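This is what each chain is made of:
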Amino acid sequence: MIPPQMQAGLSGELAELADLLEEYRSLAEENQALAEETLRRILAKGKETEIFSEISIGSEEAERDPEKFLSALHDYLEEVAGTYVNRGLHVLGRVPEGEDLEETVRAILEHSGMSREEVRGRLSGIPQEMAHLVNGLSGGFVPPGPSGAPTRGAVEVLPTGRNFFSVDPLRIPTRTAWERGVRQAEALLERHRRDHGRVPRTLAMVLWGSPTMRTRGEDFACALWLLGVRPRWKNDGRISGVEVVPLSELGRPRVDVCLTVSGFFRDAFRNLMELFDRAVAEVAAMPEPPEMNPLVEALKRDLEELCSQGLSPERARRLALFRVFSEPPGAYGTGVETVLDAGAWKSRRDLAEVFLSTMGHAYGEGAYGAEAREALRGVLSRTEVTYKNEDTREIDILSCDCFNAYHGGLNATVEALSGRKPVSYSASTADPERPVVRTTEEEMRFLFRIKVLNPRWIEGLKQHGFKGAGDLSRVVDLIFQWDATSDVVSDRMYEELARTYALDPGMQRFFRKHNPAALLNIAERLLEAANRGLWQNPDPEVLNRLKDLVLEMERELE
């Protein structure tokens, strides 16, 4: 079962902004002079809290068009307050109780179409998790059950504790997944148009196996539509191939899409890698102008370069059209997370070389793990945008180090190869009908609001003692890792982390009681961020307190 769910709500400075916003709305109808004074306070608070970076409206624009700013601020506060997040951890075989149960039921009801009583009835079967685990370990039969995300409408996975089965890879994407994937792609393109005035020409996308199973292929469908192709389905729902969508119907230039896929995706969906490889070849062969089909231009340039190196036209074409990359067969993980944990790096170029070495293996028709590091290097050197979607708020980019290892590693590699930071987007299709596309920096700031600095979220983990303390410490590691690859953490965010997690007396008592090594790790990681220049201008008083804390904890742990 997933952890108990709760709405993030508003706390601290966001709660203050919400109060000021309500005050302004009331005064606007009664006393214009006081309303203007309240507006000035809201703008000042916005600058202090860096809220402008979260709603994509600059302070100058907010002053020019305050109503637009206030409307965007209201919508953002509503989104933060209403977003469901995990409350602590799931304990195997234990049904949530009290308010935890009620909020979890509400979270599942949002997309389930079931009654409250039906959901509660399914949750009441959670205790079978323990019984089925023991029976399975004893060699007994564990009943089968489907897989999916219960907060995204997959209530059939409840009650949990069954031997879950997955999907038929030959039926991915399903027709429903295709419609949702197109919607996701259009939301991504619209966000890029809004930010940069056009659709991207080149994009590298992270694809994982588990979300592909949960959604029946929505992210893969998104990649196909960006490229400008659609699946062809047989009568039984299986995929027979792809069809190139005419530019007249597409209504925009195609996007040259590169897929960097996880080891699990590689193992489970060889057919999808081959299908995408085929789609790339068909699009590259279209008689279309390069301004509408960047693959045509890329193929021509790469063929000339590779043939000049003495390769045969056939071999050169094969290398030039590789757009699906992963670890070599049998390997899992990019290795970037290991290097970051060990501190065995000096610059992003070091991280990029690790990423290229691991992920420089191509997949497609007639290729399964072909050594193609230089091909990947060429593709990423001209990549404008990196992208990964999360299909459920049950997990996010701070759930484990693999998110940064793939997406953050991709960001660092593009920057190292091209000399410029890519536009990095992190999307959420927790509501598949309304995709939300943020920059990865905006997503990090959003997670700071709904999780990292949320007292209720912190208290939820503290209920679990040693394990909760370790998870809180790991969150600090992951934030540091994202900043190391992608520049997504401001100095103010580091200071809030330090004051909330390391220097707060109540948190120190908690860590000292349950897991003092976790507190030492937090302080050391924050100091590493300062030493490496990620935390660029730390408050000297905060920095000295962190150094003192490290010395104290080292003495206590000796």
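Figured I'd write up the structure that's included with this text. The structure presented is a predicted model; accordingly, all values stated were derived computationally and were not measured.

Turning our attention to the overall build of the chain. Each helix and strand counted, the chain has 27 helices and 14 strands in total. A compact globule built from 558 residues would reach a C-alpha radius of gyration of about 24 Å, and the chain, at 25 Å, matches this within 12%. Along the first, second and third principal axes, the C-alpha set of the chain runs to 70 × 65 × 60 Å. For the chain, with 558 residues in total, the buried portion stands at 55%. In the chain, the proportion of contacts linking residues at least 24 apart, taken out of those at least 6 apart, comes to 73%.

With that settled, consider the pattern of salt bridges. Applying the stated criterion to the full structure yields 67 salt bridges. The partner of glutamate 528 in a salt bridge is arginine 525, with the nearest N and O atoms 2.8 Å apart. On the criterion of helical spacing, the pair formed by glutamate 528 and arginine 525 is a turn pair, its members being 3 residues apart in helix H26 (residues 516-531). For glutamate 528, a relative accessible area of 16% gives the class buried. Judged by its relative accessible area of 10%, arginine 525 falls in the buried class. Sharing partners across several salt bridges, the network here consists of Asp341, Asp401, Arg474, Asp477, Arg525, Glu528 and Arg532.

With that settled, consider the nonpolar core. In terms of nonpolar packing, the biggest core is built from 156 residues, with Leu259, Phe276, Met444, Leu526 and Leu546 touching the most fellow members. In contact with methionine 444, other than residues within four places in its own chain, are Ile397, Leu398, Ile479, Trp482, Val488, Val489 and Met493.

Summed over the entire model, instances satisfying the criterion amount to 1 disulfide. Not engaged in a disulfide, the cysteine cysteine 222 finds its nearest cysteine sulfur in cysteine 258; these two sulfurs lie 14 Å apart. A residue is classified by how much of its surface remains accessible, and cysteine 222, at 0% relative accessible area, is buried.

Turning our attention to the sheet that holds strand S9 (residues 324-326). Ordered in space as S11-S10-S9-S8-S5-S12-S13-S14, the 8 strands form an open sheet in which the pairing is mixed. Where the open sheet ends on each side, the last strands, each with one partner, are strand S11 (367-371) and strand S14 (436-439). Strand-to-strand twist across the sheet, computed as the mean angle between neighbouring axes with direction ignored, equals 30 degrees. Sheet topology places strand S8 (residues 256-261) next to S9; 2 bridges connect them, and they run parallel. Bridge pairing in S9 places threonine 260 opposite phenylalanine 325. Here helix H11 (residues 218-227) sits on the sheet in contact with strand S5 (202-207), S8 and strand S12 (385-390), set at roughly 165 degrees to S5.

Proline 159 follows leucine 158 through a cis peptide bond whose omega is -5 degrees. Backbone geometry at glutamate 50 places phi at a positive 60 degrees, although glycine is not the residue there. You can see glutamate 50 is positioned in the loop between helix H2 (32-49) and helix H3 (52-55). Looking at glutamate 50, the relative accessible area reads 22%, which means it is partly exposed. One non-glycine residue, aspartate 487, adopts positive backbone phi at about 55 degrees.

Quick look at helix H5 (residues 66-82) now. End to end, H5 covers 24 Å across 17 residues, agreeing with the expected 24 Å (1.5 Å per residue, within 8%). Within the sequence span of H5, burial applies to Phe69, Leu70, Leu73, Tyr76, Leu77 and Val80. End-on, the buried residues of H5 take up no more than an arc of 125 degrees, which puts them together on one face. Where the residues of H5 are buried, they touch helix H1 (12-28), H2, H3, helix H4 (59-64) and helix H21 (440-452).

Here the focus is the pairing of strand S6 (residues 229-233). Examined bridge by bridge, S6 and strand S7 (residues 239-244) share 5 bridges and lie antiparallel to one another. Bridging across to S7, arginine 232 finds its partner in glycine 241.

Looking now at the packing of aromatic side chains. Counted by the stated rule, this structure contains 10 aromatic pairs. Taken together, a centroid distance of 4.7 Å and an interplanar angle of 55 degrees make the contact between tryptophan 208 and phenylalanine 403 tilted. Separated by 195 residues along the polypeptide, tryptophan 208 in the loop between S5 and helix H10 (209-215) and phenylalanine 403 in helix H20 (residues 401-418) bring together distant segments of the chain. Comparing tryptophan 208 with phenylalanine 403, the two get one shared label, buried. Summarising the aromatic geometry, the rings of phenylalanine 265 and phenylalanine 269 are spaced 5.2 Å apart at their centres and angled 45 degrees between planes, so their arrangement reads as tilted. Here the two residues phenylalanine 265 and phenylalanine 269 agree in accessibility, since each one is buried. An aromatic cluster is built from Trp208, Phe403 and Tyr406, whose rings are joined through pairwise contacts. Positioned over the ring face of phenylalanine 446 is arginine 438, at 3.9 Å from the centre of the ring. Positioned over the ring face of tryptophan 345 is arginine 532, at 4.0 Å from the centre of the ring.

What counts as what
- Residues numbered from 1 in each chain as written.
- Predicted model: local features only at pLDDT ≥ 70, side-chain atom pairs only at ≥ 80, totals over all residues.
- Heavy atoms only, no water.
- Helix = DSSP H or I, 4+ residues; strand = E, 2+ residues; numbered from the N terminus.
- Rg over C-alpha atoms; globule rule 2.2 N^0.38 Å.
- Buried < 20%, exposed > 50% of the residue type's maximum accessible area, 1.4 Å probe, protein only.
- Contact = heavy atoms within 4.5 Å.
- Salt bridge = Lys/Arg side-chain N within 4 Å of Asp/Glu carboxyl O.
- Core = buried A, V, L, I, M, F, W, Y, C linked by side-chain atoms within 4.5 Å.
- Disulfide = S-S within 2.5 Å.
- Pairing = 2+ DSSP bridges.
- Axes fitted to C-alpha atoms, helices over the stretch in contact; angles between N-to-C directions.
- Expected span 1.5 Å × (residues − 1).
- Arc of directions from axis to C-beta.
- Phe/Tyr/Trp six-rings, centres within 6.5 Å; stacked < 30°, edge-to-face > 60°.
- Lys NZ or Arg CZ within 6 Å of the ring centre and 35° of its normal.

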